[in-house]
Amino acid sequence: MKQSSSITGFHAHVYFDETTIGKARSLCEQAARQFGVQMGRVHEKNVGPHPRWSCQLAASPEQFARLLPWLALNREGLIVFAHPETGDALADHRDHGIWLGAGLALDLSIFN
């Protein structure tokens, strides 16, 4: 198992659908402004291992320490999946993930 010192960053993926896209976009934009994290595209399709439409927030470990508690309190019912970036994408998604809201099944077959 890799040590926490090998974490180079974190991704938080905010999940949404056609009825919650506005809420998700607003949440991600506010996070980018407030914490200086990088906001990715708002994907209106499933991308990578993610089982729902999503928007990625990329954060340094220092930013993530402030971002995660804020997301927990401000996600307004949206599901958020967060994981470290260690260089082992499968383990990062399968073993080290953090769920805010209901946990969902990821499509880990893309990492084979």
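Procedures and definitions
Residues numbered from 1 in each chain as written. Predicted model: local features only at pLDDT ≥ 70, side-chain atom pairs only at ≥ 80, totals over all residues. Heavy atoms only, no water. Helix = DSSP H or I, 4+ residues; strand = E, 2+ residues; numbered from the N terminus. Rg over C-alpha atoms; globule rule 2.2 N^0.38 Å. Buried < 20%, exposed > 50% of the residue type's maximum accessible area, 1.4 Å probe, protein only. Contact = heavy atoms within 4.5 Å. Areas by Shrake-Rupley, 256 points an atom, 1.4 Å probe, with all protein chains shown as cover. Lys, Arg positive; Asp, Glu negative; His and termini not counted. Charge placed at Lys NZ, Arg CZ, Asp CG, Glu CD. Pairing = 2+ DSSP bridges. Phe/Tyr/Trp six-rings, centres within 6.5 Å; stacked < 30°, edge-to-face > 60°. Salt bridge = Lys/Arg side-chain N within 4 Å of Asp/Glu carboxyl O. Core = buried A, V, L, I, M, F, W, Y, C linked by side-chain atoms within 4.5 Å.

If you look the protein up in an unreviewed UniProt entry, it shows as DOPA 4,5-dioxygenase family protein from Leisingera caerulea.

K.L.:
What is the right way to read the overall build of the protein from this model?
P.N.:
Helix and strand counts for the protein come out as three helices and five strands. For the protein, the α and β elements follow one another from N to C terminus as β-α-β-β-α-β-α-β. Scaling as 2.2 N^0.38, a compact globule of 112 residues should have a C-alpha radius of gyration of about 13 Å, and the protein matches this with 13 Å. Counting only residues that meet the buried cut, the protein has 40% of its 112 residues in that class. When contacts within the protein are restricted to residue pairs at least 6 apart in sequence, those whose partners lie at least 24 apart make up 63%. When the accessible area of the protein is evaluated, it comes to approximately 6,100 Å², of which 49% is carbon and sulfur surface. One finds the centroid of the 10 positive side-chain charges in the protein at a distance of 3 Å from the centroid of its 11 negative side-chain charges.

K.L.:
Would you take a moment to explain the pairing of strand E3 (residues 53-59) for this structure?
P.N.:
Along a regular strand, successive side chains alternate from one face of the sheet to the other. Among the seven residues in E3, five count as buried, and that is most of the element. The pairing of strand E2 (residues 38-43) with E3 spans four bridges and is antiparallel. If you follow His 43 over to E3, its bridge partner there is Ser 54.

K.L.:
Just checking my understanding: could you explain the packing of aromatic side chains for this structure?
P.N.:
Each aromatic ring pair is specified by the distance between its two centres and by the angle formed by the two planes. Per the stated rule, a full pass over the model turns up five aromatic pairs. Taking 6.1 Å as the distance between ring centres and 50 degrees as the angle between the ring planes, the aromatic pair formed by Tyr 15 and Trp 99 counts as tilted. Of this pair, Tyr 15 sits in strand E1 (residues 9-16) while Trp 99 sits in strand E5 (residues 98-100), and the two are 84 residues apart along the sequence. On the basis of relative accessibility, which here comes to 2%, the residue Tyr 15 falls in the buried class. Owing to a relative accessible area of 27%, Trp 99 belongs among the partly exposed residues under this scheme. Ring centres 6.1 Å apart and planes at 75 degrees place the aromatic pair Phe 16 and Trp 53 in the edge-to-face group. With Phe 16 in strand E1 and Trp 53 in strand E3, the pair connects residues that are 37 residues apart, well separated along the chain. Classification of Phe 16 by relative accessible area gives buried; the value is 4%. Put simply, the rings of Tyr 15, Phe 81 and Trp 99 pair up and form one aromatic cluster.

K.L.:
I'm lost on the pattern of salt bridges in this one. Help?
P.N.:
Once the charged atoms of two side chains with opposite charge are near each other, the side chains can pair. Applying the stated rule across the entire model yields one salt bridge. Asp 95 is the salt-bridge partner of Arg 94, the closest N and O atoms lying 2.8 Å from each other. Owing to a relative accessible area of 48%, Arg 94 belongs among the partly exposed residues under this scheme.

K.L.:
Honestly, the nonpolar core in this entry has me stumped. Any pointers?
P.N.:
What tends to happen in soluble globular proteins is that the nonpolar side chains get buried as a cluster. Core analysis: the largest hydrophobic core is formed by 24 residues, its most contacted members being Val 14, Leu 57, Leu 67 and Leu 71. Listed by contribution, the elements that provide at least two residues to this core are E1, helix H1 (21-35), E3, helix H2 (61-74) and strand E4 (80-85). In terms of residue count, H1 provides more of this core than any other element does, six residues in total. Look past the residues within four positions of Leu 57 in its chain and what remains in contact with it is Phe 10, His 11, Ala 12, Val 14, Cys 28, Ala 31, Val 37, Gln 38, Met 39, Leu 67 and Leu 71.

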